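In case you want the letters, here they are:
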Amino acid sequence: MSVLPFITIILLVSAPHWTIQTSGVTDRLRGVSAVTDQVAWASGADSTVLRTTDGGATWQRIKVTIDRVDFRDIDAVDARTAYVLSIGNGPASRIYKTTDAGATWTLQFENDNPKAFYDAMSFWDAEHGIVMGDSIDGQFCIMTTEDGGRNWVRVRASALPPALPNEGAFAASGTNVALFGKTDAWIGTGAAAKARVLRTHDRGRTWAIADTPLIAGPSSGIFSVAFRDAKHGVIVGGDYKKESEAVDNLAVTSDGGVTWILVKGLSGFRSVVAYVPGVKPPILVAVGPSGADYSTDDGRSWTPIDGPGFDTLSFVGGQGRSQERATGFAAGAQGGIGRLVFDR
């Protein structure tokens, strides 16, 4: 996610439309982070990191490491600063950072626990971030940083509720961690008997958890979380083995994630949901490999978006040239890249 500030704009929008772009790669891309309508980053399998500075007309492949890793999440702080997370057990889970637009990268974290597997990350600002991993021996595995990633510290077990057997996070879109303000965070879980949402209001020092009505199981649960303020949020997911089915895959909250209400309307499994920043009334977009939907009434009803599906999506934060149109970048299978625009 981008940490650029945004200003609220009133948009009378037409239906969103995709512009399909050429990434130059065929690897599956599951991470994307839009900074401005011109600058965005993407990441994926086979150590792939991409960056555009011309709105996606061209994408440059950037070398991070000679090792072959799977970069499932990328988070840009600004046009030149980004963090990228690779997944896997043990040392396969890593965090790299660049401050010079990808010319050089620093390995900030390399996992030394063979049981640990990190899935997604997000940043409140340039210094404060959080990363979520699968549970280990009945305990959630969450780390935070307060110094721009130079040190990552695991949240103590006593500050977290116990995890269910096999409970963790799906490394599908880098968006099962949602942040708001300076201290709030929510994390969606899956792969267990229940799909639940962890929440913190003190930047990860203490946590509570809530059950949700989303479908749960080994291949089911919450895949993405989004909040537009401290109270109103949405979760999406489903069963990734049944991409065309829309069974108990969407819920909303109006009390900060304490309770969740099931909503119908998505047209299939969805791996990412996002609010369009700075727009009133609120607009939501949910995307999955089989397609996409949007909502203009805070998630109560949904309309399919013509075009392909993707794995992940990131909207521009709303500053500067995003005034005339709300713009997002999506990424997915076979190096797929799309630009989503709501015109005024």
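In what follows, the accompanying structure is described. (Residues numbered from 1 in each chain as written. Predicted model: local features only at pLDDT ≥ 70, side-chain atom pairs only at ≥ 80, totals over all residues. Heavy atoms only, no water.)

1. Comments concerning the pairing of strand β9 (residues 94-98)
1) Next: Taking burial as the measure, the five residues of β9 include five buried ones, the bulk of the element.
2) Next: Neither face of β9 is open: one carries R94, Y96 and T98, the other I95 and K97, and all of them are buried.
3) Next: The pairing of strand β8 (residues 82-86) with β9 spans five bridges and is antiparallel. Pairing of Y83 across the sheet is with K97, part of β9.
4) Next: As paired strands, β9 and strand β10 (residues 106-110) are joined by four bridges and run antiparallel to one another. Across the sheet, residue R94 finds its bridge partner in β10, namely E110. (Buried < 20%, exposed > 50% of the residue type's maximum accessible area, 1.4 Å probe, protein only. Helix = DSSP H or I, 4+ residues; strand = E, 2+ residues; numbered from the N terminus. Pairing = 2+ DSSP bridges.)

2. Concerning unusual backbone geometry
1) Next: Residues other than glycine seldom take positive phi values, yet N166 does so here, at roughly 70°.
2) Next: Take N166: it is sitting in the loop between β14 (153-154) and β15 (177-180).
3) Next: Of note, the phi angle at D248 is positive, near 45°, even though the residue is not glycine.

3. Here's the deal with the packing of aromatic side chains
1) Next: Inspection of every chain in the model, using the stated rule, returns 14 aromatic pairs.
2) Next: Between F123 and W152, the ring centres sit 6.1 Å apart and the planes meet at 80°, which makes this aromatic pair edge-to-face. Taken together, the residues F123 in strand β11 (residues 118-123) and W152 in the loop between β13 (139-145) and β14 connect sequence positions 29 residues apart. Residues F123 and W152 agree in their burial class; the two are buried.
3) Next: A ring pair is formed by F170 and Y240, whose centres lie 6.0 Å apart and whose planes are at 70°; its orientation type is edge-to-face. Here Y240 lies in the loop between β20 (233-239) and β21 (250-253) and F170 lies in the loop between β14 and β15, a separation of 70 residues in the sequence.
4) Next: Linked through ring pairs, F170, F223, Y240 and F269 together constitute an aromatic cluster. (Phe/Tyr/Trp six-rings, centres within 6.5 Å; stacked < 30°, edge-to-face > 60°.)

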